[in-house]
Amino acid sequence: MNPVVRMDRTSCAIACVAAMMGMSYSDMKSLARSIGVTPEDNALWTSTLPIRRLLAYGGLQAGPEELPFTLWERLPDWALLSIRWKIQDGNPSWH
């Protein structure tokens, strides 16, 4: 898997899915916009739904629920981890 650099301040989810699918950031951003997922949407850092939609559109299926991180050894072969978790404006958010 090759790294993909996010080109917008709030689009780490788009870059992560692009890396998983072997796409460029600009191609994934275009695909995301075509299904209503935009870097400007704060749901990218407050909900897993946009990421799940992007993965599904690309033929990848996310697990049925979010799982708490416990140990590196327990991660599946493919995983997206939320980091810098916090409450912002009364809602959970992450990077």
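Everything below is about the structure printed above this text.
Residues numbered from 1 in each chain as written. Predicted model: local features only at pLDDT ≥ 70, side-chain atom pairs only at ≥ 80, totals over all residues. Heavy atoms only, no water.

(A) Helix α2 (residues 25-34), seen in detail. Listed as buried for α2 are Tyr 25, Met 28, Leu 31 and Ala 32. Looking straight down α2, one finds that the buried residues subtend no more than 130° of arc, so they occupy a single side. Where α2 is buried, its residues contact α1 (12-21) and α3 (49-57). (Buried < 20%, exposed > 50% of the residue type's maximum accessible area, 1.4 Å probe, protein only. Helix = DSSP H or I, 4+ residues; strand = E, 2+ residues; numbered from the N terminus. Arc of directions from axis to C-beta. Contact = heavy atoms within 4.5 Å.)

(B) Fine view of the layout of surface pockets. Within this model, the largest pocket holds a volume of roughly 1100 Å³. Taken together, 32 residues line the largest pocket, and the ones lying closest to its centre are Glu 66, Ala 79, Leu 80, Leu 81 and Ser 82. Counting residues per element, the lining of the largest pocket draws most heavily on α1, at four residues. Approximately 240 Å³ is the volume found for the second largest pocket. (1 Å grid on protein atoms, 1.4 Å probe; cavity = no way out; pocket = protein on both sides within 12 Å on 5 of 7 lines; lining within 4 Å. Points joined across faces, edges and corners; volume = space filled by probe spheres on them.)

(C) Representation of the packing of α1 against α2. Across the interface, α1 lies against α2 with an axial gap of 9 Å and an inter-helix angle of 110°. The orientation of α1 with respect to α2, classified from their angle, is roughly perpendicular. Crossing angle aside, the handedness with which α1 passes α2 is right-handed. Along the contact surface, α1 presents Ile 14, Ala 15, Val 17, Ala 18 and Met 21, while α2 presents Tyr 25, Met 28, Lys 29 and Ala 32. (Axes fitted to C-alpha atoms, helices over the stretch in contact; angles between N-to-C directions. Parallel < 35°, antiparallel > 145°, perpendicular 65-115°, else oblique. Left-handed = near helix turned anticlockwise from the far one by under 90°.)

(D) Region of interest: the nonpolar core. Formed by 16 residues in total, the largest nonpolar core has its most connected members in Ile 14, Val 17, Met 28, Val 37 and Leu 54. Put simply, the parts of the chain that give this core at least two residues each are α1, α2 and α3. No other element matches α1, which puts six residues into this core. When neighbours within four sequence positions are excluded, Leu 54 is seen to be in contact with Ile 14, Val 17, Met 21, Met 28, Leu 31, Ala 32, Ile 35 and Val 37. (Core = buried A, V, L, I, M, F, W, Y, C linked by side-chain atoms within 4.5 Å.)

(E) The packing of aromatic side chains, seen in detail. On inspection of all chains with the given rule, the structure shows one aromatic pair. Between Phe 69 and Trp 72, the ring centres sit 5.0 Å apart and the planes meet at 65°, which makes this aromatic pair edge-to-face. A relative accessible area of 43% means that Phe 69 is categorised as partly exposed. (Phe/Tyr/Trp six-rings, centres within 6.5 Å; stacked < 30°, edge-to-face > 60°.)

(F) Here's a closer look at the side chain of Ser 11. Tracing the sequence through the fold places Ser 11 in the segment before α1. What makes Ser 11 buried here is its relative accessible area of 0%. Polar contacts involving the side chain of Ser 11 include one to the side chain of Tyr 25, which spans 2.8 Å. If sequence neighbours within four positions are ignored, Ser 11 has contacts with Arg 6, Tyr 25 and Pro 39. (Polar contact = N/O pair within 3.5 Å; in protein donor to acceptor, adjacent residues only side chain to side chain.)

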